[in-house]
Amino acid sequence: MSEAKKLYIKTYGCQMNVYDSERMAEALGPNGYVTVDSPDEADMILLNTCHIREKAAEKVYSELGRLRGLKTRRPDLKIGVAGCVAQAEGAEIMLRQPMVDLVVGPQSYHRLPELEAKAGGGQKALDTDFPEEDKFAELAARPKAKRGPTAFLTVQEGCDKFCAFCVVPYTRGAEVSRPVDRVLTEARDLVSRGVREITLLGQNVNAYHGEGPDGRDWGLARLVYALAEIDGLARIRFTTSHPNDMDNALIAALGDCDKLMPYLHLPVQAGSDRILKRMNRSHTRDSYFRVVERIREARPDIALSGDFIVGFPEETDADFAETMDLVRRVNYAACFSFKYSSRPGTPAAERGGQVDPEVASARLIELQALLNAQQLAFMKAMVGREVGVLFEKPGRHPGQMVGKSDYLHAVHVTAEGLAPGTLARVRIIDAGANSLAGVLV
């Protein structure tokens, strides 16, 4: 047998990219590749990129610059760029960095084996199409290797919302949902390999409308209930959700489905109706409050998280004050917050009214201070409570194991005999800024 070729994948950005990287590695398996942890030992390096964060493309080009020396020493090394920056930049990547052998967009990575073979023959390989075929249907069956206790599972891709600041509709395309049968098959396969918790992924996951076995479109709630019937699957989560797609069935499921965890990521982005309209978010602060109220009626103990952008074009002090007011009223368990940065090709990038960077930075500091205080208060309120914890890996100290609580908190305990995949009740005895300490009940 020929010696296995070595593949190194560097993953940027969201959970969906983590899932995509797994599928890319699996797609290249029949070409003789096994994954390694260092680019220095790789025969092929793939950068699976994300276009959401600030200066995303520049960071990719910087990484390619750092790899130039490795390529010079090892001309046979193949270097590829995948993901959303690949989709947005296309052939420009190869023009700026001629050492790149292949570029593939997020909807075309099922074609990686052919692209790799083409690159191996000394040709440049580029595929940033939005293919008609379903990439998930074209991918080979997943290998039967043992898995860790948690896994991501993409059920929906793309976005039809066209928020003024976002590149996702241009890099991931229109909303597409995977058929129910294929999702259930992949979920059962993951569980058979040791997975106990699955997080369903989508750019707007709660807009899921996959074809069911009855020929009708199923919403996310119905899919969740079907997944809950899988023996051995202990926990279900989903992310990321849009406020406008939180329908009655899904809100009810948060209260009724025991396997659906009490954690919901529900981005709002801003607290000012004027800015929300400028963002093309298609919801208002009051409609967001009403959704949150209904969710908490269904699941009073739910942990809510969100996303915020400060310094969006034309944001005034009064607009920012409304964002701060919304945060105080909702009282989040965790949040992500960012200073606005323009993305080429998005409507907001073409507008005037850019906020002074120093003003935006000051607003971000003020917002993050409030969000961090809310997060710490939520974590301290866990002290004395009993929660379920799914243990995933050893901790930093002897005899210590670390896992995630029902509320997605990192929890560590010191106990003998705990194996990854153990789901146990834990009493929380201490809370830090980023993790909880507990003892087995």
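Worth saying up front: this structure is predicted, and the values here are computed from it rather than measured.

Cut-offs applied
- Residues numbered from 1 in each chain as written.
- Predicted model: local features only at pLDDT ≥ 70, side-chain atom pairs only at ≥ 80, totals over all residues.
- Heavy atoms only, no water.
- Helix = DSSP H or I, 4+ residues; strand = E, 2+ residues; numbered from the N terminus.
- Rg over C-alpha atoms; globule rule 2.2 N^0.38 Å.
- Buried < 20%, exposed > 50% of the residue type's maximum accessible area, 1.4 Å probe, protein only.
- Contact = heavy atoms within 4.5 Å.
- Areas by Shrake-Rupley, 256 points an atom, 1.4 Å probe, with all protein chains shown as cover.
- Lys, Arg positive; Asp, Glu negative; His and termini not counted.
- Charge placed at Lys NZ, Arg CZ, Asp CG, Glu CD.
- Pairing = 2+ DSSP bridges.
- Axes fitted to C-alpha atoms, helices over the stretch in contact; angles between N-to-C directions.

Draft legend 1. How the structure looks around the overall build of the protein chain. Scanning the protein chain from N- to C-terminus turns up 14 helices and 21 strands. For the protein chain, whose C-alpha radius of gyration is 22 Å, the value lies close to the compact-globule estimate of 22 Å for 441 residues. With the C-alpha coordinates aligned to their principal axes, the bounding extent of the protein chain is approximately 60 × 60 × 50 Å. A total of 441 residues make up the protein chain; the buried ones form 54% of that total. In the protein chain, the share of contacts with a sequence separation of at least 24, taken over all contacts with a separation of at least 6, comes to 71%. Summed over its atoms, the accessible surface of the protein chain is roughly 19,300 Å², and 51% of this surface lies on carbon and sulfur atoms. Taking the 56 positively charged and 60 negatively charged side chains of the protein chain as two groups, their mean positions are separated by 3 Å.

Draft legend 2. Region of interest: the sheet that holds strand E17 (residues 386-394). In space, the five strands of this closed barrel follow the order E17-E18-E19-E21-E20, with mixed pairing throughout. Taken over all neighbouring pairs, the strand axes of this sheet differ in orientation by 50° on average, direction set aside. Bridge count for strand E19 (residues 410-414) against strand E21 (residues 435-440) is three bridges, and the pairing is parallel. When the sheet's bridge partners are listed, His412 is paired in E21 with Ala437.

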